[in-house]
Amino acid sequence: MPASFRQVGEKQLPHEIVFMAWSPKRDLIALANKVGEVLLHRLANFQRVWSLPPNENTGKEVTSLAWRPDGKILAFGLSDTMRVILCDVEKPESLHTLTVSSPVACMHWMEITEENSALTSFYNTEDESNLLLPKLPALPKNYSATAKIFSEEKADEILKLLGDVRLNVLVLGGNSGAIEIYAYGMYKIATITEVTGSCLSLCMSNDLKSLSVVTEVAMNTTAPDVTYFQLDTSLLSNYLPEVTRMARKFTHISTLLQYLKLSLSCMCEAWEEILMQMDSRLTKFVQEKNTETSVQDEFMQLLLWGKASPELQALLMSQLTVKGLKKLGQSIESSYSSIQKLVISHLQSGSEALLYHLSELKGMALWKQKYKPLGLDSKKIEDAITAVGSFILKANELLQVIDSSMKNFKAFFRWLYVAMLRMSEDHVLPELNKMTQKDITFVADFLTEHFNEAPDLYDQKGKYFNVERVGQYLKDEDDHLMSPPNTEGNQWFNFLQSSVYLKESPLLFPYHPQKSLHFVKRQMQGIIDQCLQKPADIIGKSVQQAACLKLYKLSKSEESLPRLLKLPFLWNDKRAGLHYVMFTMLESSKSKVYVLRRPTDLSRSTTNGLLAIEFGNSLDSADESSNESFYCCLDAHFYDDETITVVLKDSAEQEGKDRILSQLSLSSVYIQKDAEKEFNLDSNQRVDEHTDDIPTNTVFLGNQWRVLENMKAQYVSVNGIRKVACVLSSNLRHVRVFEMDAEDDGEAEEEEEEEEVSHNFTGGEEELNQSAVNQDSTCSGALDAAEENEENESSLDS
């Protein structure tokens, strides 16, 4: 009897699916459709957990999907925005964004399983930064620019991004052939340009020794060639402990840079446009008044004699008004206080943590025997430390400007408020009417410094005044500050300028008095990016091509098929340390699947492990009446290290013949007698030119198959750890989900129900399901209703 492969879910979806990938740890499958949605579904009844619609910040053309090995983060690539988004599995929110140079055609995220004493010691040692540095305060939730990663008060979202201490790498393959490797999915450790063509599939070994890539190489006059490359990445493997430590440190730095960027965004939002009201009113006053008296003199006369010209009185009473002045004063106090708190609690704490990690990185770089081969440059790290110091100086300068402005505006508005009350002949409270000579002098100094007309400023910014001095620090512009700080009389500044030795001392952080905080932040970001980029270039250049094998020409029939879930497919056998590549050549051999096994010795011919598989005319090995093959493979994926899951169809596509889902054991493919079969091919020739010479095994499925009734199945996605499979139809909208290790159909129905409940909703591994249920009940009611409507409107294809 054939295997049951118990069906546990079926769905007709409203949009065509272009990618699907099972979570490595949970019964969850991620889908991407043609409209740019990324969806997460649960195994039980294929219930939706959440959906992430396309938007301007991410993109809408999904080209690849990959799960982090711990199943907590989902990565997907977007071709229209040239980005890779790291998304939280518990809620549809972007945690981190990578910008790439070309669209990502495929990606692979794997965890390093190699063990040695140095790595074990590092994994078991608590990060000293957690002990020495204070915890970064969460960013306020009331700013729209704040990413959710740093805004949750009770969740350590930063740690969620960093993941486990054990190294994991995200490998991205682009349409242009460039391959990028990111440690922890965030820090680029290698940029590889050794392959040509557009990447179709890639796979990195778990010890970082080699990288296998399948590409499509476009030809000028003929159809593209599909080629297999094997790359030697032994530098990463030889320096694995050093790579892990460096990557962990760089990931901390990347996270802190994002934290500072978001803190600065919050500060920009805290600054309000209403604070420019005084400047615009005074500029309009200059343009409309008829007298030759300067604005500064007009206010001085009001301060000294208590009398205002008719023009000034009209400005204050008609345009500014007593109510408007009071509102402006409250806005300035509130805005400045918020910015001041963000600088003190967020910018300073984040910058100090950044200095700590860069200083540790510099210490690592000075150990040249260990880290110089990886491209870690102590000079560039020193430049990065200096840039962070300059950023801290500029943040402190902003604090001084805020403190001075708050005192100035408070005294100025108090005096002006009383003067306007007198103009309107309103009652002035006794406590407001008291003004000492010191107060008068303070206001006079404020008027002298801030109320000078500047025609040059009008030419640049369209106004004559810059009374408000804080906003200029928050503008992301290359121009000089409109009103830089006054350094005249500053003894320390004058001492530095006059000292030949201290002026260019590397021990002192450079000071940029003419530049904004945003400008200094961008300068710091650029220097740190250069510091992070060099190891990726050095490691990328060390990667060498170990083997190259031309597989076949892309046939016309393949070009007509959707390009999303098709062979060739790569797999990494963790137990045996082998790479496999599976591919089909539809025109040349409709019924065969080719499996190429990489030898462990890179010096040997890769073709030594090439084998063709054809499926017998009967699914059961007991019936071998004919050697002719009637079944061909539509899609295949490695279920685990020993099993392949395949979707088969009748070669002649006979009427009434349903397609088949089956499990194929590798032991039945690579049997002992194949050791004597060797196929040697000239590297200049393609495999499809010698299909008759390739050793071929005819396999029968035994009882590991199931007929997919009333479904034109085309693709399959599997997870051997969770023992599940998802089959997708050729119209890309009909899916069925199966448990692959289910009991026979004859088991009691009650027992099956108990088993399903236990499998899907209990145990520590299924805590996400409960959180998803809670989320569905609170925020996904509309989604569930929409799904029900879609089901009612659609019927399953046949």
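Every chain is numbered on its own, with residues counted from 1 as its sequence reads. Where local features are concerned, this predicted model is filtered to residues with pLDDT of at least 70; where side-chain atom pairs are given and counted, the filter is 80 or more; whole-chain, interface and lining totals use all residues. As a rule here, side-chain values come from all non-hydrogen atoms in the structure, and water together with hydrogens is ignored.

## As for the layout of surface pockets
As a reminder of what qualifies: Cavities and pockets were defined on a 1 Å grid built over protein atoms only: a cavity is a set of grid points that admits a 1.4 Å probe from which the probe cannot escape, a pocket is an open set flanked by protein on both sides within 12 Å along at least five of seven lines, and lining residues are those with an atom within 4 Å of any such point. Grid points are joined across faces, edges and corners, and a volume is the space filled by probe spheres set on the points. A run of H or I in DSSP counts as a helix once it spans at least four residues, and a run of E counts as a strand once it spans at least two, with each numbered from the N terminus. Classes in brief: Ala, Val, Leu, Ile, Met, Phe, Trp, Tyr, Cys and Pro nonpolar; Asp, Glu, Lys and Arg charged; the others, Gly included, polar.
Looking at the second largest pocket, its volume works out to about 1500 Å³. The wall of the second largest pocket is formed by 48 residues, among which Glu 397, Pro 485, Thr 487, Phe 493 and Tyr 511 lie closest to the centre. For the lining of the second largest pocket, the elements supplying multiple residues, two or more each, are helix H11 (378-423), helix H13 (437-450), helix H15 (491-498) and helix H16 (500-503). The element that contributes the greatest number of residues to the lining of the second largest pocket is H11, accounting for 12 residues. By residue class, the composition of the lining of the second largest pocket is 22 nonpolar, 16 polar and 10 charged.

## Some words on the packing of helix H6 (residues 277-288) against helix H7 (residues 295-305)
We apply this condition: Simply put, an axis is a line fit to the C-alpha atoms, just over the touching stretch for a helix, and the angle between two N-to-C directions goes from 0 to 180 degrees. Geometric relationships in this document are graded by angle, where less than 35 degrees denotes roughly parallel, more than 145 denotes roughly antiparallel, 65 to 115 denotes roughly perpendicular, and other angles denote oblique. The contact criterion used throughout is that any non-hydrogen atoms of two residues lie within 4.5 Å.
Direction vectors running N to C along H6 and H7 enclose 105°, while the axes themselves pass 11 Å from each other. Between H6 and H7, the angle falls in the class roughly perpendicular. Contacts between H6 and H7 pair Leu 282, Phe 285 and Val 286 from the former with Val 295, Glu 298 and Phe 299 from the latter. Partitioning the contact of H6 with H7 into residue classes produces 5 nonpolar, no polar and 1 charged.

## Re the nonpolar core
For the record, the criterion: Nonpolar core, defined: a set of buried Ala, Val, Leu, Ile, Met, Phe, Trp, Tyr and Cys residues in which side-chain atoms within 4.5 Å join the residues together. Type-normalised accessible area, obtained with a 1.4 Å probe on protein chains alone, sets the label of each residue: buried when under 20%, exposed when over 50%, and partly exposed for intermediate values.
Leu 167, Phe 299 and Phe 412 are the most contacted members of the largest nonpolar core, which has 116 residues in total. With 19 residues, the top contributor of residues to this core is H11. Contacts of Phe 299, omitting those with residues within four sequence positions, involve Leu 282, Leu 312, Leu 316, Phe 412, Trp 415, Leu 416, Leu 447 and Phe 451. Counting 20 residues, the second largest nonpolar core, distinct from the first, contains Leu 28, Leu 40, Leu 65 and Val 89.

## Notes on the packing of aromatic side chains
The geometry of an aromatic ring pair comes down to the distance between the two centres and the angle between the two planes. What counts here: Put simply, two rings from Phe, Tyr or Trp (the six-membered ring, in Trp's case) pair if the centres are within 6.5 Å, and we call them stacked under 30 degrees between planes, edge-to-face over 60, tilted for the rest. Definition used: whenever NZ (Lys) or CZ (Arg) falls within 6 Å of the ring centre and also within 35 degrees of the ring normal, the charge is taken to sit over that ring.
Taken as a whole and judged by the stated rule, the model has 11 aromatic pairs. Between the aromatic rings of Phe 409 and Phe 413, the centroid separation amounts to 5.4 Å while the plane-to-plane angle is 25°, which identifies the pairing as stacked. Within this pair, Phe 409 and its partner Phe 413 are both found in helix H11, separated by 4 residues, close to a single helical turn. For Phe 409, a relative accessible area of 4% puts it in the buried group. Cluster of aromatic residues (ring-pair linked, three or more members): Phe 299, Tyr 336, Phe 409, Phe 412, Phe 413, Trp 415, Phe 446 and Phe 451. Lying over the aromatic face of Tyr 184, Arg 248 brings its terminal NZ or CZ to 5.1 Å of the ring centre.

## Describing the pairing of strand E21 (residues 610-615)
Our working rule: Strand pairing requires that DSSP identify at least two bridges connecting the strands.
Of all 6 residues making up E21, 6 are buried, and the element is well covered by its neighbours. Alternating positions in E21 separate into two faces, Leu 610, Ala 612 and Glu 614 on one and Leu 611, Ile 613 and Phe 615 on the other, with burial throughout. Relative to E21, strand E20 (residues 592-597) runs antiparallel, the two being bridged by 5 bridges. Residue pairing for E21: Lys 592 is matched across the bridge by Glu 614. Looking at chain direction, E21 and strand E25 (residues 696-699) are connected through 4 bridges and run parallel. Paired with Ile 613 across the strands is Asn 697, a residue of E25.

## Description of the pattern of salt bridges
Convention followed: A pair is scored as a salt bridge if a Lys or Arg side-chain nitrogen falls within 4 Å of a carboxyl oxygen belonging to Asp or Glu.
For the coordinates displayed, the defined rule picks out 15 salt bridges. Measuring nitrogen to oxygen at the nearest pair gives 2.4 Å for the salt bridge that ties Glu 360 to Lys 249. Taken as a pair, Glu 360 in helix H9 (residues 322-365) and Lys 249 in helix H5 (residues 240-270) lie far apart in primary sequence, 111 residues in all. Look at Glu 360 and you get partly exposed, because its relative accessible area is 28%. Residue Lys 379 pairs with Asp 383 through a salt bridge whose shortest N-O separation is 2.9 Å. In this pair, Lys 379 and Asp 383 are both assigned in helix H11, 4 residues apart and thus about one turn of the helix distant. Residue classification places Asp 383 among the partly exposed residues on the basis of a relative accessible area of 31%.

## Details of the side chain of Ser 263
Relative to the assigned elements, Ser 263 resides in helix H5. Apart from residues lying up to four places away in sequence, Ser 263 is in contact with Leu 139, Leu 342, His 346 and Leu 347.

## Brief notes about the sheet that holds strand E28 (residues 724-729)
With respect to topology, 4 strands assemble into an open sheet ordered E1-E29-E28-E27, the strand pairing being antiparallel. What marks the edges here is a single partner per strand, and that holds for strand E1 (7-12) and strand E27 (713-719). Pairs of neighbouring strands in the sheet enclose a mean axial angle of 15°, with direction left out of account.

## Some words on the confidence of the model for the protein
Regions with low pLDDT should not have their predicted coordinates read in detail. Our working rule: Note on scores: pLDDT gives the predictor's confidence for each residue, bounded by 0 and 100.
Looking at the protein, the pLDDT average stands at 78 and 77% of residues meet or exceed 70. Every residue in residues 599-607 is under pLDDT 50, and counting partners more than four places away or in other chains gives 21 contacts. Counting contacts from residues 744-798, a segment whose pLDDT is below 50, to residues more than four positions away or on other chains yields 71 contacts.

## Description of H9
Going by this rule: Take the number of residues in a helix, subtract one, and multiply by 1.5 Å to get its expected span. The angle between axes fitted to the seven-residue stretch ending at a residue and the seven-residue stretch beginning at it gives the bend at that residue.
With 44 residues, H9 extends 62 Å from end C-alpha to end C-alpha; this agrees with the ideal 64 Å at 1.5 Å per step. A bend of about 35° at Val 343 is the largest found in H9.

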